[in-house]
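Here are the chains, one letter per residue:
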Amino acid sequence: MKDQRFQIFCEREVILSAGAFGSPQILKLSGVGAKAELDKHGIEQVHELPGVGDNLQDHIDLVHSYKCTAKRDTFGVSLQMAAEMSKALPKWFRQREGKLSSNFAEGIGFLCSDESVSVPDLEFVFVVAVVDDHARKIHASHGFSSHVTLLRPKSTGTVKLNSADPYDAPQIDPAFFKDPDDMAVMIKGWKKQYQMLNSAAFDEVRGDCFYPVDPNDDEAIEQDIRNRADTQYHPIGTCKMGTEQDPLAVVDNELSVYGLENLRVVDASVMPTLVGGNTNAPTIMIAEKIADVIKKAYADAREKGAVHA
Ligand SMILES: Cc1cc2nc3c(=O)[nH]c(=O)nc-3n(C[C@H](O)[C@H](O)[C@H](O)COP(=O)(O)OP(=O)(O)OC[C@H]3O[C@@H](n4cnc5c(N)ncnc54)[C@H](O)[C@@H]3O)c2cc1C
C-alpha cells in the first residue's frame, strides 16, 4: 500500500479523527495550515488556518515509587509473585476474581494545590506496583507508586511537520513548563504527594523511595520534576474549536473546519482547553454529540429532499 496512490471520494462529508497529533499533521499535509510552514516542506496551500497544530496542551505527570513489604497486596518482580500468578491467572479467567482483578491504578484523588484554588488543579493516581519511566524500567521488587498530575496547565506547545512525507512522524513539542506558573503548582503537588506517601498509614509497609529528594529543597524538587516528569497521554487542542474571531480556531461549534466545505475534525484535538481530568470520556462525549448533530442535519436535509436516504 505504501507506494500506491489512489483517490477515495465521499458523497457527503469527510470526518477526520486522527487524534491531537495525527489530525493537524493530516490537515497540514493536505495544505491546510500556516503558509510559512507548508512552504518550508513544499506543500501547496489550500487554505490558511494558522491555528492547525498550535495550542497543544497535555497533562504533565510525576511518579513517586517506594519499595513495599506487603507483597500479597502489591505487584512486583519476585519468586512470590511468580508463585501467586500460577493461581491468580486461572482464577481470573474462570471467575474474574483474585489478584488479577486489580486495575493496578486502584485509587484516584483530585485536590486543590492551595486554598486560593476553587476547583482541583492536581490529580493523584495510586498504583499497587512500582512505576518507573512508564514501566519501561523494571525493578526486582514489590512496591507502590503515586502519580501527581498538573490538571490545568497554562503552557501550550505545537505539532509541526518534519517533512511532507505522510509516513514521517510529526514534530511534537508539548512545551511543558513554558509557563512558570505550571512548575509552581507542580512543586506544590510534589510536596502533597510526598506528604501522603510518608504519612503514618504507610509506615508499616513503606520501604526505600526510588528517587529520594529532600522535601525542603525546592530547587532539588524542581530538578526532580524536570528530570522525570512526563506526559499522562492526554494531548488535546491542536485543531481548536472557537469563534471566527479567534485567530487560533480551526473548527466551529459543530466541528466543521473554517473556510472549507464538508470537512469536520472530531477527536480530542478540538478541545480548546484541557479538561481537569482524563480525556477519553470527554472525547467520546464530543463524538456522540457531533454524531447527533450530523444525524439531525441529514434527517432535516432528507425531509427537504436535499439528500437521498
Ligand atoms: C497509553 C495511554 C493511556 C491512556 N490512558 C487513559 C486513561 O486511563 N483514561 C483516559 O481517560 N484517557 C487515557 N488516555 C487518553 C485517551 O486514550 C485519549 O484522550 C483518547 O483516545 C483520544 O481520542 P482521539 O480520538 O482524539 O485519538 P485516538 O484515540 O488517538 O485516535 C486516533 C486514531 O487515528 C489513527 N491515526 C493517527 N494518524 C493517522 C494517520 N496518519 N493515518 C491513519 N490513521 C491515523 C490512530 O492510529 C488512532 O487510531 C490514554 C492514552 C494513552 C496513549
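What you are looking at is a predicted structure, and each value in this text was computed from that prediction instead of being measured.

Reading guide: rules and limits
Residues numbered from 1 in each chain as written. Predicted model: local features only at pLDDT ≥ 70, side-chain atom pairs only at ≥ 80, totals over all residues. Heavy atoms only, no water. Helix = DSSP H or I, 4+ residues; strand = E, 2+ residues; numbered from the N terminus. Buried < 20%, exposed > 50% of the residue type's maximum accessible area, 1.4 Å probe, protein only. Contact = heavy atoms within 4.5 Å. Areas by Shrake-Rupley, 256 points an atom, 1.4 Å probe, with all protein chains shown as cover. Lys, Arg positive; Asp, Glu negative; His and termini not counted. Charge placed at Lys NZ, Arg CZ, Asp CG, Glu CD. Expected span 1.5 Å × (residues − 1). Bend = angle between axes of the 7 residues up to and from the residue. Near = heavy atom within 4 Å. Polar contact = N/O pair within 3.5 Å; in protein donor to acceptor, adjacent residues only side chain to side chain. Nonpolar A, V, L, I, M, F, W, Y, C, P; charged D, E, K, R; others polar. Core = buried A, V, L, I, M, F, W, Y, C linked by side-chain atoms within 4.5 Å. Domains from an automatic or database assignment. Buried area = accessible area lost by both parts, 1.4 Å probe. Salt bridge = Lys/Arg side-chain N within 4 Å of Asp/Glu carboxyl O. Phe/Tyr/Trp six-rings, centres within 6.5 Å; stacked < 30°, edge-to-face > 60°.

So, on to the overall build of the protein. Assigned secondary structure in the protein consists of six helices and 12 strands. When burial is assessed residue by residue, the protein has 40% of its 309 residues classed as buried. Considering only residue pairs separated by 6 or more positions, the protein has 66% of its internal contacts joining residues 24 or more positions apart. Of the roughly 17500 Å² that the protein leaves accessible, carbon and sulfur atoms contribute 53%. Taken together, the 33 basic and 46 acidic charged side chains of the protein have centroids lying 5 Å from each other.

Time to look at helix α3 (residues 79-95). A rise of 1.5 Å per residue sets the reference length of α3, with its 17 residues, at 24 Å; its end C-alpha atoms lie 24 Å apart and thus fit the reference within 8%. The axis of α3 is deflected most strongly, by about 35 degrees, at M85. Within α3, the full set of buried residues consists of M81, M85 and A88. Two residues or fewer after α3 comes R96, characterised by a positive phi angle close to 55 degrees.

Three or more residues of helix α1 (residues 19-29) are buried, namely A20, G22, S23, P24, Q25, L27 and K28. Where α1 is buried, its residues contact β1 (14-16), β2 (32-33), α2 (35-40), β8 (158-160) and β12 (263-265). Residue G31 follows α1 closely and has a positive phi angle near 90 degrees.

Attention now moves to the site of the ligand. Around the ligand, a shell composed of 13 residues is seen, among which D267, A268, N278, T279 and N280 lie nearest. Between N280 and the ligand, the recorded distance is 2.8 Å, taken from a backbone N or O atom to an oxygen atom. Summarising the interface, the protein chains cover 44% of the accessible area of the ligand, which totals 1000 Å² for the free molecule. If you list the elements that add at least two residues to the shell around the ligand, you get α1 and α6 (280-303). The biggest single contributor to the shell around the ligand is α1, with three residues. Along the lines of polarity and charge, the residues of the shell around the ligand split into four nonpolar, eight polar and one charged.

Below, the discussion takes up the nonpolar core. One broad trend across soluble globular proteins is that nonpolar side chains are buried collectively. Core analysis: the largest hydrophobic core is formed by 25 residues, its most contacted members being L27, L49, V250, V251, L255 and V265. Sorting the residues of this core by element identifies β12 and α6 as the ones contributing at least two each. For V250, the contacting residues outside a window of four places in its chain are L27, L49, G51, V52, T238, C239, K240, S256, V257 and Y258. F124, F177, V185 and I221 belong to the second-largest nonpolar core, a separate cluster that totals 15 residues.

For the protein, the domain assignment lists domain 1 (14-57 + 238-303) and domain 2 (60-231). Summarising the inter-unit geometry, the C-alpha centres of domain 1 and domain 2 are found 31 Å apart. Listed as interface residues are 20 residues of domain 1 and, on the opposing side, 23 residues of domain 2. Surface buried jointly by domain 1 and domain 2 totals about 1600 Å² across both partners, of which 62% is contributed by carbon and sulfur atoms. Sorting the residues of domain 1 by area buried against domain 2 places Q25, H41 and L56 first, and these three jointly supply 33% of that buried surface. At the boundary of domain 1 and domain 2, one finds zero salt bridges. The interface formed by domain 1 and domain 2 includes seven residue pairs in polar contact (both at pLDDT 80 or more). Per-element tally for the side of domain 1 that touches domain 2: the top contributor is α1, with six residues.

Another point: the packing of aromatic side chains. Applying the stated criterion to the full structure yields six aromatic pairs. A centroid spacing of 4.5 Å and a plane angle of 50 degrees characterise the contact between F75 and F104, whose relative ring orientation is tilted. A residue pair is termed long-range when its members are at least 10 positions apart, and F75 in the loop between β4 (60-68) and α3 and F104 in the loop between α3 and β5 (105-111) qualify at 29 residues. Residue classification places F75 among the buried residues on the basis of a relative accessible area of 8%. With a relative accessible area of 36%, F104 lands in the partly exposed category. Measuring from ring centre to ring centre gives 5.6 Å for W190 and Y194, while their planes differ by 5 degrees; the resulting arrangement is stacked. Taken together, the residues span about one helical turn, with W190 and Y194 both in helix α4 (residues 180-197) at a distance of four residues. Note on W190: relative accessible area 1%, which makes it buried.

Glancing now at the environment of M183. Residue position: M183 is located in helix α4. For the pair formed by M183 and P153, sequence separation is 30 residues and the distance between their alpha carbons is 9.3 Å. Other than its neighbours up to four places away in sequence, M183 contacts F177, E222, I225 and R226.

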